[in-house]
Amino acid sequence: MPMNPARDVYPAIEISLERQTLTLRENADAEPKVFSVSTALNGAGEQNGSGCTPRGRHYIRAMIGAGQPLNTVFVGRRPTGEILTPDLSARYPERDWILTRILWLCGCEPGKNRVGAVDSFRRFIYIHGTPDSEPMGVAQSHGCIRMRNTEVAQLFSRVRAGTPVHII
């Protein structure tokens, strides 16, 4: 269900799994900003271990990476001190890179995307940067929402913890 500007809180994010887009609405009067993203290769789903992108109402619970350079490598939500380069990428071709910024999502709907085996937060579902060589607009992630590094940094600067995120 699309956001209703007459009732929504701003800023707000809507992610379309079908269109592979993230739409940021900063206020009722501003033109929305639309970014191409990559969601789960396995499609939509809420179960832990499914590799799917969870649907429904979420919010940004934590924002990680403020002030880090573009292409900063994160492991366990901590910067490793590395910056992704072609050489580093070539050494670890199977690695699912989490880069630049992390917006950690928490579900709002008990039994759907919160609590138990469907808890988005415990599943470590993020909006995060990915290598610029990875395609956008194509479902290819392991459940997270991947973005270009410059775009996730831009998004990070325009939202805050608590920002609503609706995944449809």
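What this report covers is the structure whose coordinates are included nearby. For clarity, every value in this text was computed on a predicted model and none was experimentally measured.

## Structural notes on the pairing of strand β8 (residues 126-129)
The side-chain alternation of β8 yields two buried faces, one formed by Tyr126 and His128 and the other by Ile127 and Gly129. Of the strand pairs in this sheet, strand β7 (residues 98-107) and β8 are connected by four bridges, and their pairing is antiparallel. Residue pairing for β8: Trp104 is matched across the bridge by Tyr126. Bridge count for β8 against strand β9 (residues 145-147) is three bridges, and the pairing is parallel. Each bridged residue has a counterpart across the sheet, and for His128 the counterpart in β9 is Arg146.

## Side note on the pattern of salt bridges
If you walk through the whole model with that rule in mind, you get five salt bridges. We note a salt bridge from Arg55 to Glu46, for which the minimum N-O separation is 2.8 Å. Overlapping salt bridges, with partners in common, bring together Glu26, Lys33 and Arg158 in one network.

## Some words on the packing of aromatic side chains
The final tally for this structure, using the stated rule, is four aromatic pairs. When the ring of Trp104 is compared with that of Phe121, the centres are 4.1 Å apart and the planes differ by 15 degrees; the resulting orientation is stacked. Here the residue Trp104 occupies a position in strand β7, and Phe121 occupies one in the loop between β7 and β8, the gap between them amounting to 17 residues. Grouping residues by exposure puts Trp104 and Phe121 together as buried. Centre to centre, the rings of Trp104 and Tyr126 are 5.9 Å apart; their planes meet at 90 degrees, and the pair counts as edge-to-face. Of this pair, Trp104 sits in strand β7 while Tyr126 sits in strand β8, placing them 22 residues apart in sequence. Comparing Trp104 with Tyr126, the two get one shared label, buried. Every member of this aromatic cluster is reached through a ring pair, and the members are Trp104, Phe121, Phe124 and Tyr126. The lysine or arginine in question, Arg95, covers the ring of Tyr92, its NZ or CZ lying 5.6 Å from the ring centre.

Reading the values: the criteria
Residues numbered from 1 in each chain as written. Predicted model: local features only at pLDDT ≥ 70, side-chain atom pairs only at ≥ 80, totals over all residues. Heavy atoms only, no water. Buried < 20%, exposed > 50% of the residue type's maximum accessible area, 1.4 Å probe, protein only. Helix = DSSP H or I, 4+ residues; strand = E, 2+ residues; numbered from the N terminus. Pairing = 2+ DSSP bridges. Salt bridge = Lys/Arg side-chain N within 4 Å of Asp/Glu carboxyl O. Phe/Tyr/Trp six-rings, centres within 6.5 Å; stacked < 30°, edge-to-face > 60°. Lys NZ or Arg CZ within 6 Å of the ring centre and 35° of its normal.

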